[in-house]
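Structural overview for review
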Amino acid sequence: MVIDLDKCTGCASCMVACYSENNVSFRDEESIKLLSINWIQVYKITNGKPFPDTEVCYLPQPCMQCDGKDFGHPPCVSVCPAVATDFDTPTGIVSQIPVRCFGCRYCMAACPYHARKFNWWDPVWPADMERYLSPDVSPRMRGVIEKCTFCYHRFQRARQQAYYKGDAENIKEADYQTACTQACPSGAITFGDMDNPDHAVYTLKKSRYAFRLLERLGTQPSVYYLSTRKWVHRACDNYLEHEEPAAFAGKSA
Amino acid sequence: MTTSAFPEGVKRCSSGKFILWLLPAFLVLLIAAYAMFRVWFYGLNQTNMNDAYGFAIWIWADLAVIALGGGAFFSGFLAYLVGVKKVKNIINFAVVLGVVCYTSALILLGLDVGQPLRGWFIFWHANIHSMLTEVAFCLTIYLGVLIVEFIPVILENPKIQKIRFFHHLSHNMHEIMAVFAATGVFLSFFHQGSLGGVPGVLYGRPFAFREGLFIWPWTFFLFTWSAAAVGPLFTATMCRLTEFITQKKLVKDDVYELLAKISGWMLLTYIIAKSLDTIYWATVTAPARGFAFMDFYSNNPAYYGVWILIAEIVICGFLPALILITQKGRENKKLLFGAAILAIIGLCINRWVMVLQVLAAPLKPFQEEWFVYSPAWTEVITTIMPIAYGIVLISIAYRYLPLFPQEKELNP
């Protein structure tokens, strides 16, 4: 996934689409965000300068689907004591198995992105809404972790269709898109196979202005961000005083 | 002739006084039981934990009591494997303390998980790469070993000794206790280490992450070493507290001094290793990830800043170690136990830092503020619970079991 931060308007359509697609539960009281469940969260960040030099950037953050150390050891996967989360080597997607999870929250402590959410309460939807829940995604129970799966059920569907068409290995870009990608009105989110030259993300991730969130931790995220603004790059990773983001090293953009 | 329920030749207070003494502890246990019911029945929303603070005060208490309970394994190691005879005068007490600490730890862990009824998944669907799996296995088996070590102590009760079968069973169990002590040392080495590995392997958390040897981060070895160093000091301090409460001398001073000497040298070597680890982390590990040393000690809303590190390493590390390695320091009991208390506080600070400060430290530069959490009453009372439970179990054990072989001689 590649997210162009210079295009994102912060409308949060991606969040709404995700709630709907993945049966993400919510409560009446949602003011304490650290108790909210969301598989993608839009952060508002600023350059910290006073008006009129203030600049704002909106940063949608799903699970980074980290490849982790040595491709296959994301920070959250190896710590799970009950194999309730796993790394899918063909797709690079980090899975979460709610019925296996017993809620120790070690993965939550291991994830530097706070992408993993705990079900502090029983999931409850207003009576009418229950009829609109997606049949493709199981709702999660109280006491377990959940997180973004890059709409894995859509991948399964696309793979099944490709199989019936007789070309199981070749899933076309348009056949598998996440809900957040499709909902983004400004086209800020692009989704596809990073290793497939026919997919847009293959080219986008090679942009000079592409970077990954907290990349220096060595988590190898599968989500890339694009921004031409230096302060945005600086706000998305940690640098010592004398260091510069790679895209701007030796320049004062 | 009827046999007294008390150990032979010792005096105990009246039943009324004993019950009165236990009442406050029972009250705490009752409130804690209600809190546990709420957490198990209504879920973890009864606590103040959140998605940033997934580990909270329970886990700190867990790590702290396990480390302090390490006195049992290390005293057992000294008494049964190294053959330090003097330690046998305190080993029964160390075992009881160990049982208190480890059962408390397991109860707190059972309370902490979101789906307690699935707790067995950790054994059934075990992920052998997870430090927590290693902790669960070693902790559970070691508690079993501790109980096996505790059984012959229970069987020493005069009433039970009258039953021929139990009399022989206790004798035979004493004979093979070295085997269990060795098993306990092996298991304890691993789970103390694995608990250190729990934060140490978190490479997404630069405050906790440490390089190491093969699969084990340095914290693996530091946790084991610190538990072995401070555990016996905790045993000695609790023994002294029991002496103060009962107004009796229970253990000869040379036992305390021996434990203090061994612990002092271990504490000194530990704190030197810990300092080297901190220097390497501050100058190599953290900067490689874009963090300056003071990033982790600035703007902390808990106000302790870098003082928490100074308190842990200097005031509660080097200072007590230097007191305990000197003969004058050990001979002066106020200095000895003052140093022991400092070392215990230092160990608790270390576990606090490695669990709670890890989660509080901000990682994303655009989220500059530290995460703040204050425990709910349900968490506070269940964290205090091990103390009340310890008071009850130790009081009952002291009253009815021969915990201190020197008591009769010291209180003619």
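Numbers given for residues are sequential positions, taken from 1 along each chain in its written order. Each chain takes a letter, starting from A, and each ligand takes a number, starting from 1, following the order in which they are written. The predicted origin of the model limits local features to residues at a pLDDT of at least 70 and limits the giving and counting of side-chain atom pairs to 80 or more, whereas totals for whole chains, interfaces and linings rest on all residues.

**Quick word on the overall build of chain A**
Quick note on the threshold: For helices the rule is a DSSP run of H or I covering at least 4 residues; for strands it is a run of E covering at least 2, with both sets numbered from the N terminus onward. As a reference, a globule follows 2.2 Å times the number of residues to the power 0.38, and the radius of gyration itself is taken over C-alpha atoms. Contact between two residues is assigned whenever their backbone-derived C-beta positions fall within 7 Å.
For chain A, the helix and strand inventory stands at six helices and ten strands. Rg of the C-alpha trace for chain A: 19 Å, near the compact-globule value of 18 Å for 253 residues, within the 12% margin. Seen along its three principal axes, the alpha-carbon backbone of chain A occupies a region of about 50 × 50 × 35 Å. Taking contacts inside chain A between residues at least 6 apart in sequence as the whole, the part at least 24 apart equals 57%.

**Here's the deal with the overall build of chain B**
Where we set the bar: Residue burial here comes from a neighbour count, namely the number of other C-beta atoms, placed from the backbone, that lie within 10 Å of the residue's own C-beta, with 20 or more meaning buried, 12 or fewer meaning exposed, and in between meaning partly exposed.
On a plain count of helices and strands, chain B comes out with 16 helices and two strands. For a compact globule of 412 residues, the expected C-alpha radius of gyration is about 22 Å, and chain B comes in at 22 Å, within 12% of that figure. If you line up chain B on its principal axes, its C-alpha atoms span 80 × 55 × 40 Å. Looking at chain B as a whole, 50% of its 412 residues qualify as buried. The long-range fraction of contacts in chain B, counting pairs at least 24 apart against all pairs at least 6 apart in sequence, stands at 79%.

**Let's talk about helix α4 (residues 88–112) of chain B**
Think of an α-helix as turning once every 3.6 residues; residues three or four places apart then point the same way. Note the threshold: Helix span, expected: 1.5 Å multiplied by one less than the number of residues in the helix.
Between its terminal C-alpha atoms α4(B) stretches 36 Å, which fits the 36 Å expected from 25 residues at 1.5 Å a residue. The buried count for α4(B) comes to 20 of 25 residues, which makes it a mostly enclosed element.

**Points about the interface of chain B and chain A**
To be explicit about the condition: Nonpolar residues are Ala, Val, Leu, Ile, Met, Phe, Trp, Tyr, Cys and Pro. Charged residues are Asp, Glu, Lys and Arg, and all others, Gly as well, are polar.
Facing the 39 residues of chain B at the interface are 43 residues of chain A. Secondary-structure elements contributing two or more residues to the side of chain B that touches chain A are α5 (121–124) and α6 (131–155) of chain B. Of all the elements, α6(B) adds the most residues to the side of chain B that touches chain A, at three residues. Across the side of chain B that touches chain A, the residue classes break down as 20 nonpolar, 14 polar and five charged.

**Some remarks on the confidence of the model for chain B**
Stated formally: Scored between 0 and 100, pLDDT is the confidence that the predictor attaches to each residue.
Chain-level statistics for chain B give a pLDDT mean of 93 and a share of 99% at 70 or above. In the predicted complex, the global pTM is 0.94; the interface-specific ipTM is 0.93.

**A look at the pairing of strand β4 (residues 85–88) of chain A**
All names here are of chain A. Formally: Whether two strands pair comes down to DSSP finding at least two bridges between them.
The side-chain alternation of β4 yields one buried face, formed by Thr-85 and Phe-87, and one unburied face, formed by Asp-86 and Asp-88. Bridging between β4 and strand β5 (residues 93–96) involves four bridges; their strand directions are antiparallel. Note on β5: the bridge partner recorded for Asp-88 is Ile-93. Between the antiparallel neighbours β4 and β5 lie four residues, among them Gly-92 with a positive phi of about 80°.

**Points about the sheet that holds strand β1 (residues 2–4) of chain A**
Backbone-to-backbone hydrogen bonds join strands into a sheet, with any given pair of strands oriented parallel or antiparallel. If you trace the four strands from one edge of the open sheet to the other, you get β8-β1-β10-β9 (chain A), paired in mixed fashion. The open sheet terminates on both sides in strands that have one partner only, identified here as β8 (189–190) and β9 (210–211) of chain A.

**A short note on unusual backbone geometry**
Residue and element names in this part refer to chain A. With an omega of 10°, the peptide bond between Phe-51 and Pro-52 qualifies as cis. Examined against the element boundaries, Pro-52 turns out to sit in the loop between β2 (41–46) and β3 (56–61). The phi angle at Cys-151 is positive, at roughly 45°, despite the residue not being glycine. For Cys-151, the position within the fold is in the loop between β7 (145–146) and α3 (152–164).

**Here's the deal with the environment of A:His114**
Inspection of the secondary structure puts A:His114 in the loop between α2 (106–110) and β6 (117–118). Since 18 C-beta atoms lie within 10 Å of it, A:His114 is described here as partly exposed. Once residues lying within four places of it in the same chain are set aside, the contact partners of A:His114 are B:Asp51 and B:Ala52.

**Points about the packing of helix α3 (residues 70–82) of chain B against α4(B)**
Residues and elements named next belong to chain B. Spelled out, the test is: Convention adopted: a line fitted to C-alpha atoms gives each axis, helices being fitted over their contacting stretch, and angles between N-to-C directions are expressed from 0 to 180 degrees. In what follows, roughly perpendicular refers to angles from 65 to 115 degrees, roughly parallel to angles under 35, roughly antiparallel to angles over 145, and oblique to any angle outside these ranges. By definition, turning the near helix anticlockwise from the far helix through less than a right angle yields a left-handed crossing, and turning it clockwise yields a right-handed one.
The N-to-C vectors of α3 and α4 enclose an angle of 150°; their axes lie 8 Å apart at closest approach. By the angle class used here, α3 and α4 are roughly antiparallel. Judged by the twist between their axes, the crossing of α3 over α4 is left-handed. Judged by residue contacts, Gly-71, Ala-72, Ser-75, Gly-76 and Ala-79 of α3 engage Lys-88, Ile-90, Ile-91, Ala-94, Val-95, Leu-97 and Gly-98 from α4.

**Here's the deal with the packing of helix α1 (residues 15–42) of chain B against helix α15 (residues 377–400) of chain B**
All names here are of chain B. Running from N to C, α1 and α15 cross one another at 145°; their axes reach a closest spacing of 8 Å. The way α1 lies across α15 gives a crossing that is left-handed. Mapping the contact onto sequence places Phe-18, Trp-21, Leu-22, Ala-25, Val-28, Leu-29, Ile-31, Ala-32, Ala-35, Met-36, Arg-38 and Val-39 in α1 and Thr-378, Ile-381, Thr-382, Ile-384, Met-385, Ala-388, Tyr-389, Ile-391, Val-392, Ser-395 and Arg-399 in α15. Residue composition of the contact of α1 with α15, by class: 18 nonpolar, three polar and two charged.

**Observations regarding helix α1 (residues 13–21) of chain A**
Residues and elements named next belong to chain A. In plain terms, the rule: Each C-beta atom gives one direction from the helix axis, and the arc is the one those directions make.
Within the sequence span of α1, burial applies to Cys-14, Cys-18 and Glu-21. Each buried residue of α1 sits inside an arc of 70° when the element is viewed along its axis, so together they form one side. On its buried face, α1 sits against β3, α4 (179–183) and β8. Just downstream of α1 lies Asn-23, where phi reads positive at about 55°.

**Some points on the environment of A:Tyr176**
Residues and elements named next belong to chain A. Take Tyr-176: it is sitting in the loop between α3 and α4. When the 23 C-beta atoms within 10 Å are taken as the criterion, Tyr-176 is described as buried. Sequence spacing of Tyr-176 and Gln-156 is 20 residues, and the spatial spacing of their C-alpha atoms is 8.9 Å. The contact partners of Tyr-176, leaving out residues within four places of it in the chain, are Arg-154, Phe-155, Ala-158 and Ile-171.

**Focus on the environment of B:Asn89**
Residue and element names in this part refer to chain B. By the secondary structure assignment, Asn-89 is in helix α4. Judged by C-beta crowding, with 21 C-beta atoms within 10 Å, Asn-89 ranks as buried. For Asn-89 and Phe-404, which are 315 residues apart along the polypeptide, the C-alpha to C-alpha distance reads 6.1 Å. Non-local contacts of Asn-89, meaning those with residues more than four positions away in its chain, are made with Val-251, Val-255, Phe-404, Pro-405 and Gln-406.

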